[in-house]
Amino acid sequence: MTTRELDAAGIDDLRLRAAYSRCRRINAQGGATYFLATRLLAPAQRPAVHALYGFARYADDIVDDPDAYENTDARARELMALRASVDEALATGRSSHPVLAALAHTAARYRIDPAYFTAFMRSMRMDLDTADYPTWEALRSYMYGSAAVIGLQLLPILGTTVPRREAAPHAASLGVAFQLTNFLRDVGEDLDRGRIYLPADLLAAHGVDRPLLNWCRRTGHTDMRVRAALREMIGLTRGIYRHAARGIRLLDPASRPCVHTAFVLYSAILARIEAADCAIIARRMIVPRPYKTAVAACGLASATAHRARHQHTHSPLRRQAVEGAAT
């Protein structure tokens, strides 16, 4: 966390500044696309976004610890302890934990519904004992806690031009669309962990089951039946992206370049998968760095133009939140 961002957000307490800085490092190390997009927000907004991402990444790392795949009980106990600590932090507004301190401060400052964090922890716990999902609806239920609530948590920070309840469904859809994109990109890696984040009934409709997916992973060959199932999943995901896109215009104009940039970059992953004819079980699709740079440059131009248009009309406090959105 830069001093400028912490100062812009009005975070003066030294322990809180250290907590937010740790969350920023987690974001930088674990989510290149998210971190890049976050740089397009006003400095005053960034610490809160890093706090939410840092917490989500911290919990997810407990679930996906590569050294503890066989030790489910230990991870379950760690998650249970984390959930208790989260509940206490949200109730009191403070914590001695370096990640939860920033989370509690952000949740209190932006009045984020504690139920969103409860739902998130519930889905994290499911990852320890749920290896697959029988139907699309079952997967959607999981993704409410693992993805939709992330979009809902961010809304108070991003701001809206309409009552928040009008933007909420679109924000939830954006979280789900991003996660479905990750599921498609990471099919092979998830198989290595024993998990399948594709609905079993959709797979079965194309003649696909776990043994076939494992065979594809083992041999490096993506069977045509698997490709057909992946294409259907991409179609479902694009429909969710279309619903999410309608919410971007409902956000505070200062936040739109950030969200639009993340939207474009994640959509590009789907395009890469399609360009590979869905032959992705043995390899992970990534967006080339030059494309990311170009998209980020467009976002920077948009954020800078917004700042130039509004720097004389906003209040001093508002200007402080807008200035330097892309630095």
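Above this text sits the structure in question.
Residues numbered from 1 in each chain as written. Predicted model: local features only at pLDDT ≥ 70, side-chain atom pairs only at ≥ 80, totals over all residues. Heavy atoms only, no water.

**A short note on the overall build of the protein**
Inference 1: Within the protein, the regular secondary structure consists of 16 helices and zero strands.
Inference 2: Overall size of the protein, expressed as C-alpha extent along the three principal axes, is 60 × 40 × 35 Å.
Inference 3: For the protein, buried positions account for 53% of its 327 residues.
Inference 4: Once local pairs closer than 6 in sequence are excluded, the contacts in the protein between residues at least 24 apart make up 72%.
Inference 5: Treating the 43 positive side-chain charges of the protein as one cloud and the 32 negative ones as another, the clouds have centres 8 Å apart. (Helix = DSSP H or I, 4+ residues; strand = E, 2+ residues; numbered from the N terminus. Buried < 20%, exposed > 50% of the residue type's maximum accessible area, 1.4 Å probe, protein only. Contact = heavy atoms within 4.5 Å. Lys, Arg positive; Asp, Glu negative; His and termini not counted. Charge placed at Lys NZ, Arg CZ, Asp CG, Glu CD.)

**Comments concerning the packing of aromatic side chains**
Inference 1: Under the criterion given, the structure shown has nine aromatic pairs.
Inference 2: Taking the centre distance of 5.5 Å and the plane angle of 55° together, the rings of Phe55 and Phe120 count as tilted. Within this pair, whereas Phe55 is found in helix α4 (residues 46–63), its partner Phe120 is found in helix α7 (residues 114–129), the two being separated by 65 residues in sequence. In this pair, the class of Phe55 matches that of Phe120, namely buried.
Inference 3: A ring pair is formed by Phe178 and Tyr266, whose centres lie 4.5 Å apart and whose planes are at 25°; its orientation type is stacked. With a gap of 88 residues between them, Phe178 in helix α9 (residues 164–185) and Tyr266 in helix α14 (residues 256–275) connect regions that are remote in the sequence.
Inference 4: The exposure class assigned to Phe178 is buried, which follows from its relative accessible area of 5%. (Phe/Tyr/Trp six-rings, centres within 6.5 Å; stacked < 30°, edge-to-face > 60°.)

**A word on α4**
Inference 1: With 18 residues, α4 extends 26 Å between its outermost C-alpha atoms, agreeing within 8% with the 26 Å of an ideal straight helix rising 1.5 Å per residue.
Inference 2: Here α4 lies mainly inside the structure; 15 of its 18 residues are buried. (Expected span 1.5 Å × (residues − 1).)

**Some words on the side chain of Thr181**
Inference 1: Topologically, Thr181 is positioned in helix α9.
Inference 2: Of the residues examined, Thr181 reaches a relative accessible area of 0% and is grouped as buried.

**Topic: the packing of helix α13 (residues 224–245) against α14**
Inference 1: Interaxial distance between α13 and α14 falls to 12 Å at its minimum, and their mutual angle equals 160°. If you check the angle between α13 and α14, you find them roughly antiparallel. When you trace α13 past α14, the crossing you get is left-handed. Together, Ile234, Thr237, Arg238, Tyr241 and Ala245 of α13 and Phe263, Tyr266, Ser267, Leu270, Ala271, Ile273 and Glu274 of α14 make up the contact between the two elements. (Axes fitted to C-alpha atoms, helices over the stretch in contact; angles between N-to-C directions. Parallel < 35°, antiparallel > 145°, perpendicular 65-115°, else oblique. Left-handed = near helix turned anticlockwise from the far one by under 90°.)

**Topic: unusual backbone geometry**
Inference 1: Despite not being glycine, Arg111 shows a phi value in the positive range, around 55°.
Inference 2: Inspection of the secondary structure assignment puts Arg111 in the loop between α6 (100–110) and α7.
Inference 3: Residue Arg111 is classed as exposed on the basis of its relative accessible area of 75%.
Inference 4: Located in the positive-phi region is Cys278, a residue other than glycine, with phi close to 60°.
Inference 5: Looking at the secondary structure, you find Cys278 in the loop between α14 and α15 (289–310).
Inference 6: Overall, Cys278 belongs to the buried group, its relative accessible area being 1%.

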